[in-house]
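Residue-level structural notes
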Amino acid sequence: MTAQPPDLFRPELDVTPPERQRRWTVLLRILLLIPHFIVLWFVSIAAGVVAIIGWFAALFLGRLPDWISGFLTLFVGYQARVAASQLLLVDRYPPFLVEQADYPVRIEVRPGELNRLAVFFRLVLVIPAAVVSAVVGHGWAVLAFFIWLIVLVLGRTPRPVFDATAAVLRWAFRTNAYFYLLTGAYPRKLFGEAKAEENPPRQSPGTRPLVMSKGGRVLLIAFIVLGVLGLLADGAAQSTYQQQYMYEQEYQWAF
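Treat the numbers as computed from the prediction; the structure is a model and nothing was measured. (Residues numbered from 1 in each chain as written. Predicted model: local features only at pLDDT ≥ 70, side-chain atom pairs only at ≥ 80, totals over all residues. Heavy atoms only, no water.)

1. A word on the overall build of the protein chain
The helix and strand inventory of the protein chain stands at 10 helices and 4 strands. Counting from the amino terminus, helix and strand elements in the protein chain follow one another as β-α-α-α-α-β-α-α-α-α-α-β-β-α. Taking all 255 residues of the protein chain together, 43% fall into the buried category. Partitioning the contacts of the protein chain with sequence separation of at least 6, the portion at a separation of at least 24 is 76%. Here the protein chain displays about 13,800 Å² of accessible surface, and carbon together with sulfur accounts for 68% of that area. (Helix = DSSP H or I, 4+ residues; strand = E, 2+ residues; numbered from the N terminus. Buried < 20%, exposed > 50% of the residue type's maximum accessible area, 1.4 Å probe, protein only. Contact = heavy atoms within 4.5 Å. Areas by Shrake-Rupley, 256 points an atom, 1.4 Å probe, with all protein chains shown as cover.)

Have a look at this one:
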């Protein structure tokens, strides 16, 4: 992880929790989001091409051209809004591509000057942050059915569940922004800027800092533990399957 100036702006994501969630939208959430998944898949292909062009441009210019940073900001913002709905953080249906001023998921990214050496090694540098994102995301997935059931029964997202899930989403958003060269600030503060009893200053007037409740911090730790165990179990299962496949191939060749 490279050193960075202390005043470097870190991309911010702010999610306003809904007071209630309509149970029928919770029940059918994945089905309702299928059109977004399709659009997001096509946009992600374009984003990959633009990101490659942006990587070469950033190596020469020390920053992303405005049209590239604008498109990639649009992409990571759209990705975050769809993910927020999928993770049951919001009840309103996300807009397609463009951001709505009153939508409860707000992002702020300030593309600027980039360290060319960090740009060159970006695929390597992002690995630790991506591993953390995979761990907490996998941990959330382990409990996804129970989270869905709780929100469906209660008609709302309990504060600990909301806080921990918002932390997972924000870390993934910051990791994506770093990967796509929209910032030179490395992802930090998985557990938020402060505890619920504190009042941290805002980094941006348009977004609020992530303030974690005690229950949210405990649940996020559970995501980490379950994510590590789940990934280790998946790795062990994959290794066992590969060994079994190799043995079967050797047996077939023997005859």
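2. Considering the packing of aromatic side chains
Under the definition given, this model contains 10 aromatic pairs. Plain terms: the ring middles of Phe 120 and Phe 121 are 5.0 Å apart, the flat faces sit at 85° to each other, and that makes the pair edge-to-face. In this structure, Arg 122 is placed above the aromatic ring of Tyr 178, and the distance from its NZ or CZ to the ring centre is 3.9 Å. (Phe/Tyr/Trp six-rings, centres within 6.5 Å; stacked < 30°, edge-to-face > 60°. Lys NZ or Arg CZ within 6 Å of the ring centre and 35° of its normal.)

3. Observations regarding the pairing of strand β1 (residues 12-15)
Of the two faces of β1, the one carrying Glu 12 and Asp 14 and the one carrying Leu 13 and Val 15 are both buried. Judged from the 4 bridges that link them, β1 and strand β2 (residues 105-108) form a sheet pairing that is antiparallel. Bridged to Leu 13 within β2 is Ile 107. (Pairing = 2+ DSSP bridges.)

4. Thoughts on unusual backbone geometry
Residues apart from glycine generally show negative phi values, whereas peptide bonds are mostly found in trans. Positive phi outside glycine occurs at Leu 181, with the angle close to 65°. Leu 181 sits in the buried class, given a relative accessible area of 4%. In the Ramachandran plot, Lys 189 falls in the positive-phi region, its phi being about 60° despite a non-glycine side chain. Here Lys 189 is to be found in the loop between α9 (159-179) and β3 (194-195).

5. A short note on the nonpolar core
The biggest cluster of nonpolar side chains holds 60 residues, and the ones touching the most others in it are Leu 220 and Phe 223. Among the elements that take part in this core, α9 stands out by supplying 11 residues, more than any other. Those residues in contact with Phe 223 that sit more than four places away from it in its chain are Val 135, Val 136, Gly 139, Trp 140, Leu 143, Ile 147, Ala 164, Thr 165 and Val 168. (Core = buried A, V, L, I, M, F, W, Y, C linked by side-chain atoms within 4.5 Å.)

6. Side note on the environment of Val 119
Structurally, the position occupied by Val 119 is in helix α5 (residues 116-120). Residue classification places Val 119 among the buried residues on the basis of a relative accessible area of 0%. In the structure, Val 119 is positioned 59 residues away from Tyr 178 in sequence and 9.8 Å away in space, judged by C-alpha atoms. Apart from the residues lying within four places of it in its own chain, the contact partners of Val 119 are Trp 55, Ala 58, Leu 59, Leu 114 and Leu 181.

7. Some details on the pattern of salt bridges
Counted under the stated rule, the structure contains 10 salt bridges. Ionic pairing is found between Arg 106 and Asp 14, a salt bridge with its closest N-O pair at 2.6 Å. Placement of Arg 106 in strand β2 and of Asp 14 in strand β1 is noted, with a sequence separation of 92 residues between them. Relative accessible area serves as the criterion here: at 21%, Arg 106 is assigned to the partly exposed category. (Salt bridge = Lys/Arg side-chain N within 4 Å of Asp/Glu carboxyl O.)

8. Quick notes on a nonpolar patch on the surface
On the surface, a cluster of nonpolar side chains totalling about 940 Å² of accessible area is made up of Trp 24, Leu 27, Leu 28, Leu 31, Ile 34, Ile 38, Trp 41, Phe 42 and Ile 45. Secondary-structure elements contributing two or more residues to the nonpolar patch are α1 (23-27) and α3 (34-61). It is α3 that contributes the most residues to the nonpolar patch, 5 residues altogether. Structurally, Leu 31 is set in helix α2 (residues 29-32). Looking at Leu 31, the relative accessible area reads 56%, which means it is exposed. (Patch = residues over 30% accessible without salt bridge, like charges linked within 9 Å, V, L, I, M, F, W, Y side chains within 5 Å.)

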